[in-house]
Amino acid sequence: EISSRLMAVLANEGALIVEEGIAQDFSNIDIVQISGYGFPRWRGGPMQYANETGWDKTAKMMKAIADENPGSWRLAALDK
């Protein structure tokens, strides 16, 4: 559950970065996570993880996290 929550937060933040126009697409987010932050390259990045597990599952987890901490999180449109 811990890793699912962490990945949901990373994917949500990545989606917000794309929504805001800071990054062009999700692959840019994964490249930065892998090359810049040392995310394990064999995992493909948080956006790849969300694609593999399903954006609906990621969005549901992120909504639960946001509901536990009102005002702390802004939800991205994770219905990709």
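The text that follows walks through the structure, step by step, so that each part is easy to find. (Residues numbered from 1 in each chain as written. Predicted model: local features only at pLDDT ≥ 70, side-chain atom pairs only at ≥ 80, totals over all residues. Heavy atoms only, no water.)

Quick look at the environment of Glu-1
Let me state the cut-off plainly: The secondary structure listing takes helices from DSSP runs of H or I that are at least 4 residues long and strands from runs of E that are at least 2 residues long, numbered from the N terminus.
Mapped onto the secondary structure, Glu-1 falls in the segment before helix H1 (2-19). Each C-alpha atom of the pair Glu-1 and Met-61 lies 9.6 Å from the other, and the pair is 60 residues apart in sequence.

Things to note about the packing of H1 against helix H3 (residues 46-53)
Note the threshold: Helix axes are fitted only over the stretch in contact, all axes being lines through C-alpha atoms; the angle between N-to-C directions runs from 0 to 180 degrees. An angle below 35 degrees is read as roughly parallel, one above 145 as roughly antiparallel, one from 65 to 115 as roughly perpendicular, and any other as oblique. Helix crossings get a hand from a simple test, with the near helix turned counterclockwise from the far one by less than a right angle marking a left-handed crossing and a clockwise turn marking a right-handed one. When checking whether two residues touch, look at their non-hydrogen atoms; a contact exists if any pair is within 4.5 Å. Under the scheme applied, nonpolar residues are Ala, Val, Leu, Ile, Met, Phe, Trp, Tyr, Cys and Pro; charged residues are Asp, Glu, Lys and Arg; polar residues are all the others, including Gly.
Packing of H1 against H3 brings their axes to within 8 Å, and their N-to-C directions diverge by 110°. Taken together, H1 and H3 sit at an angle that is classed as roughly perpendicular. In this structure, the crossing between H1 and H3 has a hand that is left-handed. Residues Ser-4, Met-7, Leu-10, Ala-11, Gly-14 and Ala-15 of H1 pack against Pro-46, Met-47, Tyr-49 and Ala-50 of H3. Taken together, the residues of the contact of H1 with H3 break down into 8 nonpolar, 2 polar and no charged.

A short note on the packing of aromatic side chains
Convention followed: Stacked, edge-to-face and tilted labels apply to pairs of Phe, Tyr and Trp rings (six-membered ring for Trp) whose centres lie within 6.5 Å, assigned for plane angles under 30 degrees, over 60, and everything in between, in that order. Throughout, exposure labels follow a simple rule: accessible area from a 1.4 Å probe, protein chains only, divided by the maximum for the residue type, with under 20% read as buried, over 50% as exposed, and the rest as partly exposed.
Enumeration over the complete set of coordinates arrives at 1 aromatic pair. An angle of 35° between the planes, with centres 5.2 Å apart, marks the rings of Phe-26 and Trp-55 as tilted. Of the two residues, Phe-26 sits in helix H2 (residues 26-36) while Trp-55 sits in helix H4 (residues 55-68), which places them 29 residues apart along the sequence. Phe-26 sits in the buried class, given a relative accessible area of 18%. Taking the relative accessible area as the measure of exposure, Trp-55 reaches 6% and is therefore buried.

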